[in-house]
Amino acid sequence: METANSYVLIHGKNISHNTLAGSAVGPHMSIDKLFPALLECFGIILCGYIAGRADIITESQAKGLGNFVSKFALPALLFKNMVLLDFGNVIWAFLWSVLVTKVTVFVLVCVLTLMVASPESRYSKAGLYAIFATQSNDFALGYPIVDALYRSTYPEYLQYIYLVAPVSLMLLNPIGFALCEVQRWRQASHPQHSTAGILGVVVLQNPIVFMVIVGIISHFALGQRIPAVLSEFIDGLANSFGGAALFYLGLTMVGQLRKLTRDTGVALILLITAKLLIMPLVCKDMVDILDVGVNSTSANHTSLSNFAFLYGVFPTAPSVAIYAGHYNMELEVVTSGMVISTFLSAPIMYVSAWLLTIPLMDPTPLVTELENVSFNISIVSLVALVWTIAVMLLSRKFNRLPHLFVLNLFLAQFLVCVSMILWNFLVKQEDNLVGKILTFTLLYGSLYSTYIWTGQMALYRYMQFKYVEWLEYCFCVCRVPFLMVGGLLISGERTETIDSAFFYGRAQVGTTIRSVLSQQRNKILTVLPCLNLSSCLWWLFNKDPGRLYLELQFFCAVANYGQGFLSFGIFGLDRHLIILPFKKRLLSLWQSRETEDLSPSAVPEEVRLTCTHFVRYHKDQCVQDIVHTRRYEYQLSVNASTVVFRGCDLVDWLLERGLCSGRIEAEIYGVHLQHGGVLDHLTGQHCFRDEPTLLYCFIPGKDEPKEEDKQDRR
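Summary of the structure given here. (Residues numbered from 1 in each chain as written. Predicted model: local features only at pLDDT ≥ 70, side-chain atom pairs only at ≥ 80, totals over all residues. Heavy atoms only, no water.)

1. Some details on the overall build of the chain
The condition that has to hold: Runs of E in the DSSP output that reach at least two residues are strands. Runs of H or I that reach at least four are helices, and both are numbered from the N terminus. Exposure categories follow from relative accessible area, calculated using a 1.4 Å probe and restricted to protein chains: below 20% of the type maximum is buried, above 50% is exposed, and the middle band is partly exposed.
The helix and strand inventory of the chain stands at 29 helices and six strands. For the chain, buried positions account for 49% of its 714 residues.

2. Observations concerning helix α10 (residues 228–239)
Just so we agree on the cut-off: To estimate how far a helix should extend, the number of its residues minus one is multiplied by 1.5 Å. Picture the helix axis, draw a direction to every C-beta atom, and the arc is the one those directions span. Pairs of residues are marked as contacts when any of their non-hydrogen atoms sit within 4.5 Å.
Taking 1.5 Å per residue as the helical rise, α10 with its twelve residues ought to reach 16 Å, and the 17 Å between its terminal C-alpha atoms agrees with that figure. What α10 keeps buried is the set I234, D235, L237 and A238. For α10, the buried positions fall inside an angular range of 165° around the axis, keeping them on one side. Facing away from the buried side of α10 by more than 90 degrees, the exposed set consists of V229, E232, F233 and N239. Along its buried surface, α10 packs onto α3 (59–84) and α11 (241–252).

3. Quick look at the pattern of salt bridges
For clarity, the threshold we go by: Salt bridges are defined as contacts in which a side-chain nitrogen from Lys or Arg sits within 4 Å of a carboxyl oxygen from Asp or Glu.
Scanning the entire structure with this criterion turns up five salt bridges. Note that E181 and R184 form a salt bridge whose closest N and O atoms lie 3.9 Å from each other. You can see E181 and its partner R184 sitting in helix α7 (residues 157–187), three residues apart, about one turn around the helix. For R184, a relative accessible area of 33% puts it in the partly exposed group. A salt bridge links D288 to K284; the shortest N-O distance between them is 3.8 Å. With D288 and K284 both in helix α12 (residues 262–290) and four residues apart, the pair spans about one turn of that helix. Judged by its relative accessible area of 22%, K284 falls in the partly exposed class.

4. Focus on a nonpolar patch on the surface
What counts here: Residues enter patches when their relative accessible area tops 30% and they take part in no salt bridge; the joining distance is 9 Å for like charges and 5 Å for the nonpolar side chains Val, Leu, Ile, Met, Phe, Trp and Tyr. In these tables, accessible area is a Shrake-Rupley quantity obtained with a 1.4 Å probe, and a residue counts as shielded only by the protein chains included in the view.
A grouping of V107, L108, V111, L112, M115 and V116 is seen on the molecular surface, where their side chains present a nonpolar patch of about 590 Å² in accessible area. On the secondary structure map, L112 appears in helix α4 (residues 92–116).

5. A short note on the packing of aromatic side chains
Convention followed: Working definition: a ring pair exists when centres of Phe, Tyr or Trp rings (six-membered ring for Trp) sit within 6.5 Å. Plane angles under 30 degrees give stacked, over 60 give edge-to-face, the rest tilted.
This model, assessed by the stated rule, comprises 24 aromatic pairs. On the numbers, 5.7 Å between centres and 55° between planes, the contact of Y143 with Y162 is tilted. Within this pair, whereas Y143 is found in helix α6 (residues 138–150), its partner Y162 is found in helix α7, the two being separated by 19 residues in sequence. Given the relative accessible area of 7%, Y162 is considered buried. For the ring pair F410 and F571, a centre distance of 5.4 Å and an interplane angle of 70° mean the geometry is edge-to-face. We classify F410 as buried; its relative accessible area is 1%. Relative accessible area serves as the criterion here: at 29%, F571 is assigned to the partly exposed category.

6. What to know about helix α25 (residues 605–617)
The first and last C-alpha atoms of α25 sit 18 Å apart over 13 residues, in line with the 18 Å expected at 1.5 Å per residue. Within α25, the full set of buried residues consists of V607, T610, C611 and F614. Along the axis of α25, the buried positions cluster into a sector of 95°, meaning they face one direction only. In α25, those exposed residues whose orientation departs by more than 90 degrees from the buried face are R616 and Y617.

7. Observations regarding the environment of L577
By secondary structure assignment, the location of L577 is in helix α24 (residues 575–594). Among the residues examined, L577 registers a relative accessible area of 27% and is labelled partly exposed. Dropping the residues within four chain positions of it, L577 is found in contact with V391, L394 and S395.

8. With respect to the environment of A126
Checked against the element boundaries, A126 lands in helix α5 (residues 122–134). Through-space distance from the C-alpha of A126 to that of V109 is 7.1 Å; in sequence the pair is 17 residues apart. Setting aside residues no more than four positions away along its own chain, A126 makes contact with C110, T113, L114 and L179.

9. Digging into empty space enclosed by the protein
Selection rule: Using protein atoms alone on a 1 Å grid, points that fit a 1.4 Å probe yet trap it form a cavity, whereas open point sets bounded by protein on both sides within 12 Å along at least five of seven lines form a pocket; residues with an atom within 4 Å of a point count as lining. Grid points are joined across faces, edges and corners, and a volume is the space filled by probe spheres set on the points. We call Asp, Glu, Lys and Arg charged. Ala, Val, Leu, Ile, Met, Phe, Trp, Tyr, Cys and Pro are nonpolar, and the rest, Gly among them, are polar.
Volume-wise, the second largest cavity comes out at about 260 Å³. Taken together, 22 residues make up the lining of the second largest cavity; nearest its centre are L74, F241, A317, P318 and S319. Mapped by element, the contributors of at least two residues to the lining of the second largest cavity are α3, α6, α7, α11 and α14 (319–327). No other element matches the four residues that α3 contributes to the lining of the second largest cavity. Taken together, the residues of the lining of the second largest cavity break down into 13 nonpolar, seven polar and two charged.

10. Digging into the nonpolar core
Put simply, the rule is: We call a set of buried residues a nonpolar core when its members are Ala, Val, Leu, Ile, Met, Phe, Trp, Tyr or Cys and they connect through side-chain atoms within 4.5 Å of each other. For the domains described, the bounds stem from an automatic or database domain assignment.
Among the nonpolar cores identified, the biggest contains 114 residues, and F94, F139 and F241 are the most heavily contacted of them. Three or more residues apiece are contributed to this core by two domains, here domain 1 (31–187 + 196–329) and domain 2 (363–585). Residues in contact with F139, not counting those within four places in the same chain, are L74, L77, L78, P144, I161, Y162, A165 and F241. With 22 residues, the next largest nonpolar core counts L650, C660, A666 and L673 among its residues.

11. Here we look at the packing of α3 against α10
Defined as follows: Axis geometry follows a simple rule: fit a line to the C-alpha atoms, using only the stretch in contact for helices, then measure angles between N-to-C directions, giving values from 0 to 180 degrees. Throughout, the term roughly parallel applies to angles under 35 degrees, roughly antiparallel to angles over 145, roughly perpendicular to angles from 65 to 115, and oblique to all others. We call a crossing left-handed when the near helix sits turned anticlockwise from the far one by less than a right angle, and right-handed when that turn is clockwise.
In the contact formed by α3 and α10, the axes pass within 8 Å of each other and the chain directions differ by 125°. The angle between α3 and α10 places the two elements in the oblique class. Like other packed secondary-structure pairs, α3 and α10 cross with a definite hand, here left-handed. For the pair formed by α3 and α10, the contact residues are F68, F72, A73, A76, L77, F79 and K80 on the first element and I234, D235, L237, A238 and N239 on the second.

12. Focus on unusual backbone geometry
Notably, Q224 is not glycine yet its phi reads approximately 65°, a positive angle. Taking the relative accessible area as the measure of exposure, Q224 reaches 34% and is therefore partly exposed.

13. Digging into the packing of α5 against α14
Two numbers describe a pair of packed helices, the interaxial angle and the distance between the axes. At their nearest, the axes of α5 and α14 sit 10 Å apart, and the two run at 170° to each other. The orientation of α5 with respect to α14, classified from their angle, is roughly antiparallel. Residues L128, I131 and F132 of α5 form the contact with α14, whose participating residues are V320, Y323 and A324. Partitioned by chemical class, the residues of the contact of α5 with α14 number six nonpolar, no polar and no charged.

Interpretation in functional terms is not warranted from these geometric data alone.
Written out as structure tokens, the structure reads:
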């Protein structure tokens, strides 16, 4: 197809535009529905994380939910869609592209791991790492995103999610499981190698793989329909998957990053790079290569290629962490990587969808679209910053010198969001020039302040001032960015653009470069100055910046007006001001609701038997072994103290005495003792856990003397 280029004046320069491509291609994605879909998915994930972090749902309860999701809801969902799949409306080139991509990445990760890993864990690492890099969270997170983007334009893409799932579930994952089984047999004291045994473990004992096979067979046997007698039952299980899976994903994220060590960091970076960077790029290229013929010159080809890229960006499925836990291998890397890849996937998917859409958009209204993106991000970031500033003020941390700089940064970010929201309304009023200039001054004075304050934070350790001198210094620093904007207003030549990034033309670009360079001292924030500096230099040294310049402007908008997300993530959830009081309040509400039902009949039979057996046969010896030999004093009042023990101490003792076969089983044993009233956390804020930082004590029974009385009698 021949191309015809025209030019559109944006930011004072001609941007080349392929008119034939722009006119021939219609809207491929409902991009306006992407943000609500991301908000829905990650909102449910956040609810699950909060429930796990606040101990509303314990670890053992979360495992029960995980078993339901992976052994009932997901198999039913896969069976239903395998039966109903319409093979006649499938572009098979897409399936082959995903197949080749996943096999390539799987083999690459597997071979490299086998080459560099130590012999003690070579096969398990190769199997689990390869699964990590290729199994996407297709159903819980991927399907809602695809549904939001393509339901009104290409609804047939929704069934591709179920079509490509067997590539991992039936072809690649069994290979990874087989490698893990090989590693398990090599570590066993009496290894017995059996090919049939491996096949039975990785296929027949996996309900997901098994139901995919049954679903495909039923597709042809039942004529692409589910019998009415089974339809409602299967629909009930399948429909329960979406919310439950996302909620469980949030639960699995609690405490996982603490398992990350420096030794596993390199492996984690390489795996996330393979999953979120190499996978989408190779997937898109394979569609471009294999999708030839009818689609090669049509809008379908471009849309399918973009869909392949988005599919590759889907994060790793939480079931990979379940696999690692099942084999008790590589838990640190897999669980931490699952959390990080999930969090990174949200901005990557949002930005990728916009960037894939930009080349197909008419460049004339593109600046308006970028302003809308800045406006939407500013609103959400403003809410996050209000919360973060309130936490900073209520915790009184701003009285400490490092946090004084941080508070100034938060205030600057707050003003940036407010100014952008005002700019979005004032820019549409042609006769309000004074309002535009004042809003522009506040916007860019605050934006330059964020650059300068992050740079000043890096210099704090080298400065020796008293607190009053720090206040004077902060006041001087606050004036600098507004003086820069004042000079811009005097020397710059105002344009008629609605884009605040080019309101004063070339002079504004130069001022932005100078302010960005002041931030380069702070390296955990290098991305933000690099984006802004690249955008300015690209404009200065290119006669025709091209459409890539507009895409770079989008990145800059996300980075500039979304700073509040980073601030909220680091400072918004103060442990002593937010987390602990929230947990205490929830516990008090929960306990007050259950005070009416404290009779022995209210305790489950399993818990009652465990507590009775422990108190009758093991408690005295346990006190003698772990309380008297591993003493931890916790002052309760001026004249009294109680002897306490750590959660990990009780777990160690249960394993030494042979009451439990593993640490997970011993932790569940401790939870039963807590529920039965045998022991409790010192402050009543935590369930029993196998952790060295949580302290517990035994609770005396009605006819049992306290520990201090026992010691006095002796």
